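Summary of the model geometry
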Amino acid sequence: MKFSLEKSIHILDRTPAVLKTLLRNLPEDWTAPNEGPDTWSPYDVVGHLIHGEKTDWIPRARIILEQGEKQPFTPFDRFAQFEESKGKTLNQLLDEFESHRTDNIKTLESLNISQADLTKTGIHPEFGAVTLENLLAAWVVHDLGHIYQISRVMAKQYTNEVGPWSQYMGVLK
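Below: a short report on this structure. Just so you know, these numbers come straight off a predicted model, no measurement behind them.

**Observations regarding the overall build of the protein**
The helix and strand inventory of the protein stands at eight helices and two strands. Along the protein, helices and strands appear, N-terminal first, in the series α-α-α-α-α-α-α-β-β-α. Principal-axis analysis of the C-alpha atoms places the extent of the protein at approximately 55 × 35 × 30 Å. Sequence separation of at least 24 residues holds for 74% of the intrachain contacts in the protein that already meet a minimum separation of 6. Taken as a whole, the protein presents about 9,800 Å² of accessible surface, with 54% of it coming from carbon and sulfur. Of the charged side chains in the protein, 18 are positive and 24 negative; the average position of the first set lies 3 Å away from that of the second.

This is the structure we're talking about:
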């Protein structure tokens, strides 16, 4: 599929509802475990998504649109959620994510991005030149990847319990 801002917003707009439906009011047995050292729980992922809403997608889109390659992106702290989420419940994080995402979609729509704007570039600290289209497509895929990650981590809670069906459960591999 070719990139479409309208189709991208369809996914970006639904992510908070998907996560709220999947995670709200679940016991920590589902939401606190991770896959081992240096991996994230569903709780951690939601915190990470919030940090991205505050510091990544829209701020970088604005840099591309307003300054282009003159100002490189600020490096993204992929682990900021561990400090920022302290003392918050998962339900609080889900509500916070929804609020930030709603605001960011409104902002995105207000930018009136044209086809020409999608080809404008900014400088990523690791990748170098990236287009606005690359950034916005990555936002969508980032959401989908984390929805998959959350599902995978949760599914692994029943790795042993599924018995012989594990051979057909790709999410457990």
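On we go from here.
**Focus: the nonpolar core**
If you look at the biggest cluster of nonpolar residues, it comprises 19 residues, and the most contacted ones within it are Leu108, Ile113, Leu132, Leu136 and Trp139. The set of elements that each furnish at least two residues to this core consists of α1 (5-23), α4 (57-67), α6 (90-110) and α8 (132-155). In this structure Leu108 touches Leu5, Ile9, Leu12, Ile58, Ile113, Leu136 and Trp139, once residues within four positions along its chain are discounted. Judged by nonpolar contacts, the second largest core, of 14 residues, contains Leu23, Leu49, Leu93 and Leu94.

**A look at the environment of Gly87**
One can find Gly87 in the loop between α5 (81-84) and α6. The exposure class of Gly87 is exposed, given its relative accessible area of 81%. Sequence separation of Gly87 and Ile11 is 76 residues, and the distance between their C-alpha atoms is 29 Å.

**Focus on the packing of aromatic side chains**
On inspection of all chains with the given rule, the structure shows five aromatic pairs. Seen in terms of ring centroids, Phe79 and Phe82 are 6.5 Å apart; in terms of plane orientation they differ by 15°. Their pairing is stacked. Grouping aromatic residues by their ring pairs yields a cluster made of Trp40, Phe79 and Phe82.

Parameters at a glance
Residues numbered from 1 in each chain as written. Predicted model: local features only at pLDDT ≥ 70, side-chain atom pairs only at ≥ 80, totals over all residues. Heavy atoms only, no water. Helix = DSSP H or I, 4+ residues; strand = E, 2+ residues; numbered from the N terminus. Contact = heavy atoms within 4.5 Å. Areas by Shrake-Rupley, 256 points an atom, 1.4 Å probe, with all protein chains shown as cover. Lys, Arg positive; Asp, Glu negative; His and termini not counted. Charge placed at Lys NZ, Arg CZ, Asp CG, Glu CD. Core = buried A, V, L, I, M, F, W, Y, C linked by side-chain atoms within 4.5 Å. Buried < 20%, exposed > 50% of the residue type's maximum accessible area, 1.4 Å probe, protein only. Phe/Tyr/Trp six-rings, centres within 6.5 Å; stacked < 30°, edge-to-face > 60°.

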